[in-house]
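# Close look at the chain arrangement
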Amino acid sequence: MNGVHDMGGMHGLGPIVREENEPVFHKEWEKRALALARAMMGGEHFNLDEFRHAMERIEPSRYLRSSYYERWLEGTITLLLEKGVITQDEFDARLSDLAKGEG
Amino acid sequence: MPVVDLELVRGLYKTAGAVRRKLDIAPRFKPGDHVVARNINPPGHTRLPRYIRNKRGFVERDHGVFHFPDTRVAGQGDQPQHIYSVRFSARELWGNEASAKDSLMIALWDDYMDPA
């Protein structure tokens, strides 16, 4: 798709800033996001190409503001819902529990 | 409900989820061939970026046979085919103000190109 992810040749995005001694993961949850996506692909709930496309489909302004693993997590959630591995009701209920501190 | 178990995950990490296929599929191109990237604009997934479409380059290397991403997402199967490293000059991509010395290499699937 001709989405914002297809950035080659764009102007205005600024220089690539390399982080010195960058850790593999910046946050603990990123480890789980990586493991979850890999496990879901291993379990054949979706394939790598569907995963990339799910990330490309992130709403453009949110895509541009998101970190690498934020995109991985959103892509995984999108596919788990679309493939029926979890239902929207299950997802909403879990978020509600977490918001109430019951997670 | 589908379940993923530990044995499955251990196996996955041994194979690293490889997408390369050991298939005897004839390549349409060989190193040195001049090619032009197709102008496709699928609403679904593709790994042919906009800045390469309609541009002319030449094949540097054949990497072997892999799944084709576009059809894997469209539910049209694996369509295994060759991937090539293709070189495009900077001026071909970015115009005459670009450096005459620079070029860019990109991995392109067989179905992304035609002979030039």
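Scroll up to find the structure.
Owing to the predicted nature of the structure, the values given are computational and were not obtained by experimental measurement.

If you tally the helices and strands in chain B, you get three helices and five strands. Shown N-terminal to C-terminal, the secondary structure of chain B runs as helices and strands in the order α-β-β-α-β-α-β-β. In terms of overall size, chain B is more extended than a compact globule, its C-alpha atoms giving a radius of gyration of 17 Å where 116 residues would be expected to give roughly 13 Å. Across its three principal axes, chain B shows a C-alpha extent of roughly 55 × 30 × 25 Å. Here chain B, with 116 residues, has 34% of them falling under the buried criterion. Restricting the contact set of chain B to residue pairs at least 6 apart, pairs at least 24 apart contribute 62%. Across chain B, the 18 positively charged side chains and the 14 negatively charged ones have centroids separated by 3 Å.

We now examine the pairing of strand E1 (residues 34-37) of chain B. All names here are of chain B. Note that E1 and strand E2 (residues 56-66) share three bridges and pair antiparallel. Following the sheet pairing, Val35 is matched in E2 by Gly57. Bridge count for E1 against strand E5 (residues 113-115) is three bridges, and the pairing is antiparallel. Paired with Val35 across the strands is Pro115, a residue of E5.

The final tally for this structure, using the stated rule, is ten aromatic pairs over all chains. Measuring from centroid to centroid gives 5.8 Å for Phe46 of chain A and Phe51 of chain A, while their planes differ by 25 degrees, and the two rings are stacked. Neither residue differs from the other here; Phe46 of chain A and Phe51 of chain A are each classed as buried. Residues Trp109 of chain B and Tyr112 of chain B carry aromatic rings whose centres are separated by 5.8 Å and whose planes lie at 70 degrees to one another, so their mutual orientation is edge-to-face. Of the two residues, Trp109 of chain B and Tyr112 of chain B, both sit in the buried class. Against the face of Tyr63 of chain A rests Arg71 of chain A, its NZ or CZ located 4.9 Å from the ring centre.

Another point: the packing of helix H1 (residues 28-42) of chain A against helix H4 (residues 68-82) of chain A. Any two packed helices are characterised by the angle at which their axes cross and by the distance between the axes. Residue and element names in this part refer to chain A. The interhelical angle for the contact between H1 and H4, taken along N-to-C directions, is 40 degrees, at an axis separation of 9 Å. Considering the angle they form, H1 stands oblique to H4. In terms of crossing hand, the pair formed by H1 and H4 is left-handed. Contacts between H1 and H4 involve Trp29, Glu30, Ala33, Leu34, Leu36, Ala37 and Met40 from the first element and Tyr69, Glu70, Trp72, Leu73, Thr76 and Leu80 from the second. In the contact of H1 with H4, the residues fall into ten nonpolar, one polar and two charged.

Turning next to the nonpolar core. All names here are of chain B. Within the largest apolar cluster, 19 residues are counted, with the highest numbers of intra-cluster contacts made by Ile52, Val86, Phe88, Leu108, Tyr112 and Met113. Secondary structure elements with two or more residues in this core: E1, E2, strand E3 (81-89) and strand E4 (103-109). Sorting elements by how many residues they give to this core places E3 first, with four residues. Excluding anything up to four places from it in sequence, Phe88 contacts Ile52, Lys55, Arg56, Gly57, Leu93, Ser103, Leu104, Ile106 and Leu108.

Procedures and definitions
- Each chain carries its own residue numbering, running from 1 in the direction its sequence is written.
- Numbering of ligands from 1 and lettering of chains from A proceed in the order in which they are written.
- It should be noted that, the model being predicted, local features are given only for residues of pLDDT at least 70 and side-chain atom pairs only at 80 or more, the latter also being counted only at that level, while totals for whole chains, interfaces and linings use all residues.
- With hydrogens and water set aside, each side-chain value is computed from the structure's full complement of heavy atoms.
- Helix and strand labels come from DSSP, where a helix needs a run of H or I of at least four residues and a strand needs a run of E of at least two; each type is numbered from the N terminus.
- For a compact globule the rule gives 2.2 Å times the number of residues to the power 0.38, and the radius of gyration it is set against comes from C-alpha atoms.
- Buried residues are those whose accessible area, probed at 1.4 Å on protein chains only, stays under 20% of the maximum for their type, while exposed residues exceed 50% and partly exposed ones sit between those limits.
- The criterion used for residue contact is that any of the two residues' heavy atoms lie within 4.5 Å.
- For the purpose of counting charges, residues Lys and Arg are taken to be positive, whereas Asp and Glu are taken to be negative. His and the chain ends are not included.
- The location of each charge is read from NZ of Lys, CZ of Arg, CG of Asp or CD of Glu.
- By the convention used here, strands pair only if DSSP detects at least 2 bridges between them.
- In summary, the pairing rule links any two rings of Phe, Tyr or Trp, Trp by its six-membered ring, whose centres are within 6.5 Å, and it sorts them by plane angle into stacked for under 30 degrees, edge-to-face for over 60 and tilted for everything else.
- Note on geometry: a ring has a charge over it if NZ (lysine) or CZ (arginine) is within 6 Å of the ring centre and within 35 degrees of the ring normal.
- Note on geometry: axes are lines fitted to C-alpha atoms, helical ones only across the stretch in contact, with angles between N-to-C directions running from 0 to 180 degrees.
- Note on angle classes: values under 35 degrees are labelled roughly parallel, values over 145 roughly antiparallel, values of 65 to 115 roughly perpendicular, and the remainder oblique.
- Handedness of each helix crossing follows the sense of rotation of the near helix against the far helix: counterclockwise by less than a right angle gives left-handed, clockwise gives right-handed.
- By the convention adopted, Pro, Cys, Tyr, Trp, Phe, Met, Ile, Leu, Val and Ala count as nonpolar, Lys, Arg, Asp and Glu as charged, and the other residues, Gly among them, as polar.
- Nonpolar cores were defined as sets of buried Ala, Val, Leu, Ile, Met, Phe, Trp, Tyr and Cys residues, with membership established by side-chain atoms within 4.5 Å.

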